[in-house]
Amino acid sequence: RAVSKGVLIMLPLAPCDRWHGDGRPLPGFTHRWSAHAGQTSLSVHSPHLPSAEHSSHARSVGATTGLRFVARAVTPACIGVLMCRRRNKHQRRKLHPCRLNSQTAELETPVQDIASAEAPQSVSVPEPSPVTWQDIGVQSSGLIDALHAELKIKTPNALQRSSMSPILEGHDTVLSSYTGSGKTLAALVPLVQRLLLSPDVRERHFDAGCQPFLLVVAPTTGLAHQISDVAVGLLSRQYALRALSKKEHREYGRQLEGTVPNRIAQMLTDLRPNVVIDTARQVRNLISNGALGFNLLRCVMFDEVDRLFDQDTSYFNQVLEQLPREGVQKVLTSASALAHPNIGYLLDHMRPEFQFIDSSFTCRRRHRSSVGGGGFEGMAVPPSVRHAVMEIRNDDGSWASKRNEPLLAFDAKVKTLLDLLSIRGSQETVLVFASKANGVCRALLNKLFKRGVPVWRLTRDGYSRSDAEDRDWSGGDKLPVYVATDEFGARGLDKESVTMVVNFDHPMGHKNYLHRAGRTGRAGREGLVVNLVSNQKEQRFIGNILAKIGSPPLYTAELQGEKRSERGLQLDVRLASES
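Along each chain, the written sequence defines residue order, and numbers are assigned to residues from 1. The predicted nature of this model means local features are confined to residues of pLDDT at least 70 and side-chain atom pairs, given and counted, to a pLDDT of 80 or more, with totals for whole chains, interfaces and linings taken over all residues. Note that water and hydrogens are dropped before the side-chain values are worked out from all heavy atoms of the structure.

Caption draft 1: Highlighting the overall build of the protein chain. When helices and strands are counted, the protein chain shows 15 helices and 23 strands. Classification of residues uses two cut-offs on accessible area relative to the type maximum, computed with a 1.4 Å probe and protein chains only: under 20% is buried, over 50% is exposed, and between them is partly exposed. Across the 579 residues of the protein chain, 48% fall into the buried class. If you take every contact in the protein chain between residues at least 6 apart in sequence, the share linking residues at least 24 apart comes to 72%. Shrake-Rupley sampling with a 1.4 Å probe provides the accessible areas, and residues are treated as covered by the protein chains on show and by no other component. Total accessible area on the protein chain stands at roughly 28,400 Å², and carbon and sulfur atoms take up 48% of it. Each helix corresponds to a stretch of at least 4 residues labelled H or I by DSSP, and each strand to a stretch of at least 2 residues labelled E; elements are numbered beginning at the N terminus. Should any heavy atoms of two residues lie within 4.5 Å, those residues are counted as being in contact.

As structure tokens, this is what we get:
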């Protein structure tokens, strides 16, 4: 049987149960072939014949009509075993080495005694080689080197394999797979490769201001900086395309401080990057100042597109109106890309037909008129994330809060959160989501800070320490805890160390819950979402949310043990049906 790959495969079509031409029965013999680079061998052996007789008999076997073979050429690096049986079907023979000279097509006699051969050798079937970036269409050697050396990504994942062809062919595309599936790279790699194949990119342009080939619009500055880090690493091994890094923003902005009214506009005018990544608000300001033009624009990427409508609706709409209607490819990315009620306005600026890739990683052609008609899969969460509820109760077993007074459970939730933070590993980070309403987020930051917890809050520009900037604090050897709201922490944050997300307060709707949960379990890693519920209404609310995002299994989380005991506190997570 042919096994995947090799140079020459020879398969017997009939068992060797005929008689030799001189009347002798054809003895039992076996065949073994191997293929290596520049060498092919076939073995034919009869354990009943001596060495001298074996050689002449083997040659005669090749000429007899008792054996029929078929051969086909394939690529190197495979080992297979082919056996022909004796006339007595119940008697098997061992495998012995013998070679077929690929130049003279003659069989060579084995050097060692055939009768002293050991038991049949096992056949090792090589595993299929993983799909590489070259296999899916990445042709630039500099791009491949950057993926391997700078971004440490050796092979593309399922989403990146599916998105390569439609984006590289120039189709408008919507990437709507679950959070943490690699949508940023799935969009950037084919877009950059397509631009590198364009002759316009290799020419020098001297237009006034900054004229990018690729524009990336993000909802927040922190997310724009995160995408810039990926883009700068991706473009580090070639010279046709260039994006500005956070370090260049900081250093150049420091040089221009106090000299010009708009430092970013002056920086783009002087440095002229041809890949621009920023927020909708900043892009609109740059267009107004004449620092940014779209004469050479070929591709636009809208990251977290549904959040762009909520964050800066007016600025985003103005940017859309300024974009060329024809000749610009548009790529939309978000786990809930088509869930926003205003998405139709954006689709009107795209081609009528676009490619759509969801969490099944299959590419489908869709028409914008079908959006909202039930033709799209619902939103899904990463399969490696577990969702658990942790009940917050009083000492007497009653719920810690009432239905209309959830703030009564604030102190009890803080106590439970501190216990959860105490059992995290030294290299594990916990992301806590709190509500901005009623000052809950600010009060939680102060509580954690006073308890000596290394805590950072997420803002529009990234990370910043809690409100008391001038106070001394130290978190020891553990990584800091991040506290965020839906506005600045639920989108795009990609930290490998985030192993647990704690919903101190519940999100406003299933879409926000989806993006909160997506901050952990990224790129196939395991993650846990713990929802602190202090009354029965909140418990039902979590169940209803999970039903809208694919109905993942619901777990219950419980802290067991005591802090001062030898084992300390431990988190027990089990299926809700078992508990």
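Caption draft 2: Quick look at the confidence of the model for the protein chain. On average, residues of the protein chain score 76 in pLDDT, and 71% of them are at 70 or above. The quantity known as pLDDT measures the predictor's confidence residue by residue, on a range of 0 to 100. Per-residue pLDDT stays below 50 along residues 373–377; that stretch engages in eleven contacts with residues further than four places along the chain or on separate chains.

Caption draft 3: Spatial organisation of the packing of helix α12 (residues 410–422) against helix α13 (residues 440–450). For the pair α12 and α13, the least separation of the axes is 11 Å and the interaxial angle reads 50°. Regarding the angle of α12 to α13, the classification is oblique. Our pair here, α12 against α13, has a crossing hand that is right-handed. On α13, the residues touching Phe 410, Asp 411, Val 414, Leu 417, Leu 418 and Leu 421 of α12 are Val 440, Ala 443, Leu 444, Lys 447 and Leu 448. Note on residue categories: nonpolar means Ala, Val, Leu, Ile, Met, Phe, Trp, Tyr, Cys or Pro, charged means Asp, Glu, Lys or Arg, and polar means any other residue, Gly included. Tallied by class, residues from the contact of α12 with α13 come to nine nonpolar, no polar and two charged. Convention adopted: a line fitted to C-alpha atoms gives each axis, helices being fitted over their contacting stretch, and angles between N-to-C directions are expressed from 0 to 180 degrees. Orientation labels follow simple angle bins: below 35 degrees gives roughly parallel, above 145 gives roughly antiparallel, 65 to 115 gives roughly perpendicular, and whatever is left gives oblique. If you view the pair so one helix is near and one far, a crossing is left-handed when the near helix is turned anticlockwise from the far one by less than a right angle, and right-handed when it is turned clockwise.

Caption draft 4: Summary view of unusual backbone geometry. The backbone of Glu 304 shows a phi angle near 50°, a positive value even though the residue is not glycine. For Glu 304, the location among the structural elements is in the loop between β11 (299–303) and α9 (305–311). For Phe 361, which is not glycine, the phi torsion reads 60° and is therefore positive. Turning to its location among the elements, Phe 361 is positioned in the loop between β13 (353–357) and β14 (363–367).

Caption draft 5: Local environment of the pattern of salt bridges. Salt bridge, as used here: a side-chain nitrogen of Lys or Arg that lies within 4 Å of a carboxyl oxygen of Asp or Glu. Overall, the coordinates contain twelve salt bridges when judged by the stated rule. A salt bridge links Asp 306 to Lys 511, with the shortest nitrogen-to-oxygen separation between them at 3.7 Å. Placement of the pair is Asp 306 in helix α9 and Lys 511 in helix α14 (residues 510–517), with a sequence separation of 205 residues. Judged on exposure class, the residue Asp 306 and its partner Lys 511 are both buried. A salt bridge links Asp 411 to Lys 447; the nearest nitrogen and oxygen atoms lie 3.8 Å apart. Remark: Lys 447 occurs in helix α13 and Asp 411 occurs in helix α12; sequence separation between them is 36 residues.

Caption draft 6: Broad picture of the sheet that holds strand β12 (residues 329–333). By this definition, two strands are paired if DSSP reports at least two bridges between them. Read from one edge to the other, the open sheet built from seven strands follows the order β10-β9-β11-β12-β8-β13-β14, with strand pairing classed as mixed. Edge positions in the open sheet fall to β10 (275–279) and β14, since each of these has one partner strand only. Averaged over neighbouring strand pairs, the angle between their axes works out to 20° when direction is ignored. Sheet topology note: the strand β9 (residues 214–218)/β11 ladder contains four bridges and is parallel. The residue bridging Leu 214 from the neighbouring strand is Cys 299, located in β11.

Caption draft 7: Highlighting the side chain of Asn 531. Within the fold, Asn 531 resides in strand β21 (residues 527–533). A relative accessible area of 0% means that Asn 531 is categorised as buried. Any N or O atom pair separated by 3.5 Å or less is treated as a polar contact, with the protein-specific requirement of one donor-capable and one acceptor-capable atom, and with residues adjacent in sequence counted only for side-chain atom pairs. A distance of 2.6 Å separates polar atoms of two side chains, one belonging to Asn 531 and the other to Asn 503. Excluding residues within four positions of it along the chain, Asn 531 makes contact with Ala 388, Val 389, Met 390, Asn 503, His 506, Tyr 513 and Ile 542.

Caption draft 8: Region of interest: the pairing of β10. Among the five residues of β10, five are classified as buried, and the element is accordingly described as predominantly covered. Where β9 and β10 come together, five bridges link them in parallel fashion. Along β10, the bridge assignment pairs Ala 218 with Thr 279.

Caption draft 9: Inspection of the packing of aromatic side chains at higher detail. The criterion for an aromatic pair is that two Phe, Tyr or Trp rings (for Trp, the six-membered ring) have centres within 6.5 Å, with stacked assigned to planes under 30 degrees apart, edge-to-face to planes over 60 apart and tilted to the rest. With the rule as written, the count across this model stands at four aromatic pairs. With centroids separated by 5.7 Å and ring planes inclined at 75°, the aromatic side chains of Phe 410 and Phe 504 adopt a geometry described as edge-to-face. Here Phe 410 is found in helix α12, whereas its partner Phe 504 is found in the loop between β20 (498–503) and α14, with 94 residues between them in sequence. Put simply, the rings of Phe 302, Phe 309 and Phe 316 touch in pairs and so form one group of aromatic residues. Only when the NZ atom of a Lys or the CZ atom of an Arg is both within 6 Å of the ring centre and within 35 degrees of the ring normal do we say a charge sits over the ring. Over the ring of Tyr 555 we find Arg 386; its NZ or CZ atom is 5.7 Å from the centre of that ring. The side chain of Lys 413 reaches across the aromatic face of Phe 504, ending 5.7 Å from its centre.

Caption draft 10: Structural context of the environment of Asp 419. In this structure, Asp 419 sits in helix α12. Along the chain, Asp 419 and Leu 571 lie 152 residues apart, while their C-alpha atoms are 9.5 Å from each other.

Caption draft 11: Structural view of helix α5 (residues 221–234). The terminal C-alpha atoms of α5, which comprises 14 residues, lie 20 Å apart, in line with the 20 Å expected from a rise of 1.5 Å per residue. Those residues of α5 lying buried are Thr 221, Leu 223, Ala 224, Ile 227, Ser 228, Ala 231, Gly 233 and Leu 234. Close packing links the buried residues of α5 with α2 (141–149), α4 (183–196), β9, β10 and β11. What a helix should span is 1.5 Å times the count of its residues minus one.

Caption draft 12: Structural detail: the packing of α4 against α5. It is the contact of α4 with α5, at a shortest axis distance of 11 Å, that shows an interaxial angle of 40°. Viewed along their axes, α4 and α5 adopt a mutual orientation that is oblique. Taken as a pair, α4 and α5 cross one another with a handedness that is right-handed. Counting all contacts with α4, which are made through Thr 184, Leu 185, Leu 188, Val 189 and Val 192, the residues of α5 involved are Ile 227, Val 230, Ala 231 and Leu 234. Considered class by class, the residues forming the contact of α4 with α5 number eight nonpolar, one polar and no charged.

Caption draft 13: Just the nonpolar core, in detail. Here the nonpolar core consists of buried residues drawn from Ala, Val, Leu, Ile, Met, Phe, Trp, Tyr and Cys, with membership extended through side-chain atoms lying within 4.5 Å. Val 138, Leu 188, Val 189, Leu 214, Leu 234 and Leu 241 are the most contacted members of the largest nonpolar core, which has 41 residues in total. Taken together, the elements giving at least two residues each to this core come down to α2, α3 (158–168), α4, β9, α5, β10 and β11. Ranked by residues supplied to this core, first place goes to α4 with nine residues. Residues in contact with Leu 214, not counting those within four places in the same chain, are Leu 188, Leu 191, Leu 195, Asn 274, Val 275, Val 276, Leu 297, Cys 299 and Val 300.

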